[in-house]
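# Survey of secondary and tertiary structure
Spelled out from the first residue to the last, the chains are:
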Amino acid sequence: MTLQVNINGTLVPKEDAKISVFDHGLLYGDGVFEGMRSYGGRVFRLEQHLRRLWDSARAICLDIPISREEMADRVNTTLQANGIQDGYVRLIVTRGIGTLGLDAHLTRDPQVIVITDHIALYPREYYDEGLKIVTASTVRNHPGALNPRIKSLNYLNNILAKIEGHQAGCVEALMLNHLGEVSECTGDNIFLVRDGILRTPPISAGILEGVTRQAVIELAKEEGIPVEEITLTRHDVYSADECFLTGSAAEVVPVVMVDERTIGEGKPGPITRRLIDRFHRLVRSSE
Ligand code: PMP
């Protein structure tokens, strides 16, 4: 069965899912997006993703032409049309067609696109054995230039860092902010465990406020694990007992080596394992 893509409320086969080359989403990366997961046909924390999408749009002065209810409807319709239970959902809102100039006022018809697909998970061994990552030399966007809280269609900052990761033989890369502090990875948030305390950089470090990050913070608190959102340096990473990443696509994935330094015992730690287990149970209970 051909995958159906929802463009402006209409389902079209993926071969016919096209938008104009004059769309500022293409010309300038001018637009916003979300990446979400469905489990058992239901999107995990859809409300939070929609809230972040609307916040991102507001921050770039983009009016999303439909209501959140309508968006939620389109997401569910598209998942159903494709018969997807456990999958990945991409929401995109572009600035729309404009001139070849930058002027956002001269654009019209923002395109609202919903893509649902089967999920290509990381291989099982990443979860069993943990990832090896490196620090990228590309600095995370300065919040005063393009705030990482905005999930905009311009992801070059992250892509450049990810290329560095690949060049070093890694699937993820750690990014530091303009102050040299730990921010996040190219498509995931980062957590450390030291002496039983779970630590993650605060939003003010210049990061995306991950939906999975929030879920893990809640789960840790329920488990009685102290959580701190606190400034972290590379030294904190190297001297951590445990490290893991969180993201909608990756879920919770252990990290066992950073910049050739072994983290803790060099294998996924007990708190990481506990949180992975809790996270799996949470998404299945679709809370
Ligand atoms: N940081 C960045 C830069 C990301 O792109 C993502 C993935 N959307 C995340 C963190 C994780 O966010 P979430 O848990 O909402 O997927």
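As shown above, the structure is provided for reference.
A tally of helices and strands in the protein chain yields eight helices and 15 strands. Out of the 287 residues belonging to the protein chain, those deemed buried represent 51%. A sequence separation of at least 24 residues applies to 69% of the contacts in the protein chain between residues at least 6 apart. Accessible area for the protein chain stands at about 13400 Å²; split by element, carbon and sulfur atoms hold 51% of it. Measuring between centres, the 31 positive side-chain charges of the protein chain sit 1 Å from its 39 negative side-chain charges.

Note on sheets: strands pair through backbone hydrogen bonds, and any given pair is parallel or antiparallel. Strand order across the open sheet formed by six strands is 2-1-6-5-3-4, with antiparallel pairing between neighbours. Edge strands, defined here as strands with exactly one partner in the open sheet, are strand 2 (10-13) and strand 4 (42-43).

On to the site of the ligand. Residues in contact with the ligand amount to 17 residues; listed here are only the nearest, Lys-151, Tyr-155, Glu-184, Thr-212 and Ser-248. Measuring from a nitrogen atom of the ligand, one finds a side-chain N or O atom of Lys-151 at 2.7 Å. At 2.6 Å from an oxygen atom of the ligand is found a side-chain nitrogen or oxygen belonging to Thr-212. Protein contact buries 95% of the 390 Å² of open area that the ligand shows by itself. At the level of secondary structure, the elements contributing two or more residues to the shell around the ligand comprise helix 6 (211-222) and strand 13 (242-247). Residue classes in the shell around the ligand are distributed as three nonpolar, nine polar and five charged.

As a packed pair, helix 2 (residues 46-59) and helix 3 (residues 68-81) sit with axes 11 Å apart at the nearest point and diverge in direction by 125°. Relative to helix 3, helix 2 is oriented oblique. Helix 2 and helix 3 meet at a crossing whose hand is right-handed. From helix 2, Leu-46, Leu-50, Arg-51, Leu-53 and Trp-54 reach across to helix 3, where they touch Arg-68, Met-71 and Ala-72. Looking at side-chain class alone, the contact of helix 2 with helix 3 contains six nonpolar, no polar and two charged residues.

On to the nonpolar core, then. Counting 24 residues, the largest nonpolar core has Leu-53, Ile-64, Met-71, Val-75, Leu-91 and Val-93 as the members making the most contacts within it. Of all elements in the fold, only strand 3 (31-39), helix 2, helix 3, strand 5 (87-94) and strand 6 (112-118) reach the threshold of two or more residues within this core. Sort the elements by how many residues they give to this core and helix 2 lands first, with five residues. Ignoring any residue separated from it by four or fewer positions in sequence, one finds Ile-64 in contact with Leu-53, Trp-54, Ala-57, Met-71 and Val-93.

A cluster of nonpolar side chains, namely Val-21, Phe-22, Leu-26 and Leu-100, defines an oily patch on the protein surface of about 430 Å² accessible area. Within the secondary structure layout, Phe-22 lies in the loop between strand 2 and helix 1 (24-28). When its relative accessible area of 41% is taken as the criterion, Phe-22 is described as partly exposed.

Take the pairing of strand 5 next. Along any regular strand, the residues point their side chains to alternate faces of the sheet. Most of strand 5 is tucked away, with seven of its eight residues classed as buried. As paired strands, strand 3 and strand 5 are joined by eight bridges and run antiparallel to one another. By the bridge assignment, Gly-35 is partnered in strand 5 with Arg-90. In terms of strand pairing, strand 5 meets strand 6 through seven bridges, oriented antiparallel.

Remark: the centre distance and the inter-plane angle together describe each pair of aromatic rings, the angle taken between the planes. All told, the structure shown has six aromatic pairs when counted by the stated rule. Here the aromatic rings of Phe-44 and Phe-279 are separated by 5.7 Å at their centres, their planes lie at 80°, and the arrangement is edge-to-face. Of the two residues, Phe-44 sits in the loop between strand 4 and helix 2 while Phe-279 sits in helix 8 (residues 270-284), which places them 235 residues apart along the sequence. Judged by its relative accessible area of 2%, Phe-279 is buried.

So, on to unusual backbone geometry. Phi at Asp-109 is positive, roughly 55°, even though this residue is not glycine. In this fold, Asp-109 is placed in the loop between strand 5 and strand 6. A relative accessible area of 44% places Asp-109 in the partly exposed class.

The interhelical angle for the contact between helix 6 and helix 8, taken along N-to-C directions, is 110°, at an axis separation of 10 Å. Relative to helix 8, the element helix 6 lies roughly perpendicular. The interaxial crossing formed by helix 6 with helix 8 has right-handed handedness. Listed contacts from helix 8 to Thr-212, Ala-215, Val-216, Leu-219, Ala-220 and Glu-222 of helix 6 are Leu-275, Arg-278, Phe-279 and Leu-282.

Reading guide: rules and limits
- Residues numbered from 1 in each chain as written.
- Predicted model: local features only at pLDDT ≥ 70, side-chain atom pairs only at ≥ 80, totals over all residues.
- Heavy atoms only, no water.
- Helix = DSSP H or I, 4+ residues; strand = E, 2+ residues; numbered from the N terminus.
- Buried < 20%, exposed > 50% of the residue type's maximum accessible area, 1.4 Å probe, protein only.
- Contact = heavy atoms within 4.5 Å.
- Areas by Shrake-Rupley, 256 points an atom, 1.4 Å probe, with all protein chains shown as cover.
- Lys, Arg positive; Asp, Glu negative; His and termini not counted.
- Charge placed at Lys NZ, Arg CZ, Asp CG, Glu CD.
- Pairing = 2+ DSSP bridges.
- Near = heavy atom within 4 Å.
- Polar contact = N/O pair within 3.5 Å; in protein donor to acceptor, adjacent residues only side chain to side chain.
- Nonpolar A, V, L, I, M, F, W, Y, C, P; charged D, E, K, R; others polar.
- Axes fitted to C-alpha atoms, helices over the stretch in contact; angles between N-to-C directions.
- Parallel < 35°, antiparallel > 145°, perpendicular 65-115°, else oblique.
- Left-handed = near helix turned anticlockwise from the far one by under 90°.
- Core = buried A, V, L, I, M, F, W, Y, C linked by side-chain atoms within 4.5 Å.
- Patch = residues over 30% accessible without salt bridge, like charges linked within 9 Å, V, L, I, M, F, W, Y side chains within 5 Å.
- Salt bridge = Lys/Arg side-chain N within 4 Å of Asp/Glu carboxyl O.
- Phe/Tyr/Trp six-rings, centres within 6.5 Å; stacked < 30°, edge-to-face > 60°.

Nothing here speaks to function; it is all geometry.
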